[in-house]
Amino acid sequence: SNLQIIADFISLYYGEVGESVSTVSGQGRTVTFKPSVFDVPASGVEADLVAVMMPFAPQFEAVFLTISSACTSSGFRALRAKDIWEHAVVIQDVFNLIFKAHVVICDFTGKNPNVFYEAGIAHTLGKHVVPITQSIADIPFDIQHHRFLPYLNNAEGRDELGAGLKARFQTLR
């Protein structure tokens, strides 16, 4: 299966160092791997936490407020890595946030490589990933089979995004 291939790759590439992390696939199979790039947080998944992965740019602030509002009205709380500073290395805060989140929203607008890396981490950890984008062209072939929410970054478009997220959150509760 794809999860076993990922686990084997991680084991071959990173070796047998680090603390084990296990995730259960949709078929009920458990995949365990040992990351050496990240420290695994001691805490588990927080059922109300939504991690938001998006570029750190001013034009995404209104989008984040829309996401945050949709989360709040659905009984979730939204958090971005840019609002956390627990470790000296930012990617450790990113990993911790994704690890602890029940849902991970990834904004692929602009094909930001960091967001794709974060989406890969989320997929590997078996998270519910909700892709969003301002342009369908920003969704590469390898992940086009995933459903995503397109939106326009204007008041009406953000309202539609919020409604779409609320609908998705209902199914993930």
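Thresholds applied
- Residues numbered from 1 in each chain as written.
- Predicted model: local features only at pLDDT ≥ 70, side-chain atom pairs only at ≥ 80, totals over all residues.
- Heavy atoms only, no water.
- Pairing = 2+ DSSP bridges.
- Helix = DSSP H or I, 4+ residues; strand = E, 2+ residues; numbered from the N terminus.
- Contact = heavy atoms within 4.5 Å.
- Axes fitted to C-alpha atoms, helices over the stretch in contact; angles between N-to-C directions.
- Parallel < 35°, antiparallel > 145°, perpendicular 65-115°, else oblique.
- Left-handed = near helix turned anticlockwise from the far one by under 90°.
- Right-handed = clockwise from strand over helix to strand, strands pointing away.
- 1 Å grid on protein atoms, 1.4 Å probe; cavity = no way out; pocket = protein on both sides within 12 Å on 5 of 7 lines; lining within 4 Å.
- Points joined across faces, edges and corners; volume = space filled by probe spheres on them.
- Expected span 1.5 Å × (residues − 1).
- Buried < 20%, exposed > 50% of the residue type's maximum accessible area, 1.4 Å probe, protein only.

**Student:** I keep staring at the sheet that holds strand E5 (residues 101–107) and nothing clicks. Help me out?
**Tutor:** Sheet architecture is open: five strands sit in the order E4-E3-E5-E6-E7, paired in parallel fashion. The sheet is open, and its two edges are formed by strand E4 (77–80) and strand E7 (149–150), each paired on a single side. Of the strands in this sheet, strand E3 (46–53), E4, E5 and strand E6 (128–133) touch helix H2 (residues 61–73), which is tilted by about 150 degrees from E4. Those strands touched by helix H3 (residues 90–100) are E3, E4 and E5, and its axis lies near 135 degrees from that of E3.

**Student:** How should the packing of H3 against helix H4 (residues 113–124) be read in this particular structure?
**Tutor:** Between two packed helices, both the angle of their axes relative to each other and the distance between the axes serve to describe the pair. Where H3 contacts H4, the two axes come as close as 10 Å, and the packing angle between them is 40 degrees. For the element pair H3 / H4, the angle class is oblique. When the axes of H3 and H4 are compared, the crossing they make is right-handed. Facing Ile91, Val94, Phe95 and Ile98 of H3, the residues of H4 in contact are Tyr117, Glu118, Ile121 and Ala122.

**Student:** Would you explain the pairing of E3 in this entry?
**Tutor:** Put simply, side chains in a regular strand alternate between the two faces of the sheet. Summarising the sheet, E3 and E5 pair through five bridges and their orientation is parallel. Bridged to glutamate 46 within E5 is alanine 101. Two strands pair when backbone bridges link them, and E3 and E4 are joined in this way by four bridges, in the parallel orientation. Within E4, the position partnered with alanine 51 by the bridge is leucine 79. Viewed along the sheet, the connection from E3 through H2 into E4 turns out right-handed.

**Student:** Please clarify how the layout of surface pockets should be interpreted in this entry.
**Tutor:** The gaps left among the atoms become clear once a water-sized probe is rolled over them. Empty space within the second largest pocket amounts to approximately 280 Å³. What lines the second largest pocket is a set of 13 residues, among which Val129, Val130, Pro131, Arg147 and Arg168 lie closest to the centre.

**Student:** Please explain helix H5 (residues 155–172) as it appears in this structure.
**Tutor:** For an α-helix, the turn length of 3.6 residues means that residues three or four places apart are oriented alike. Look at H5: 26 Å from first C-alpha to last across 18 residues, which is about the 26 Å you get at 1.5 Å a residue. Those residues of H5 that fall on the buried side of the exposure criterion are Gly157, Arg158, Leu161, Gly162, Gly164, Leu165, Phe169 and Leu172. Taken together, the buried residues of H5 touch E3, H2, E5, E6 and E7.

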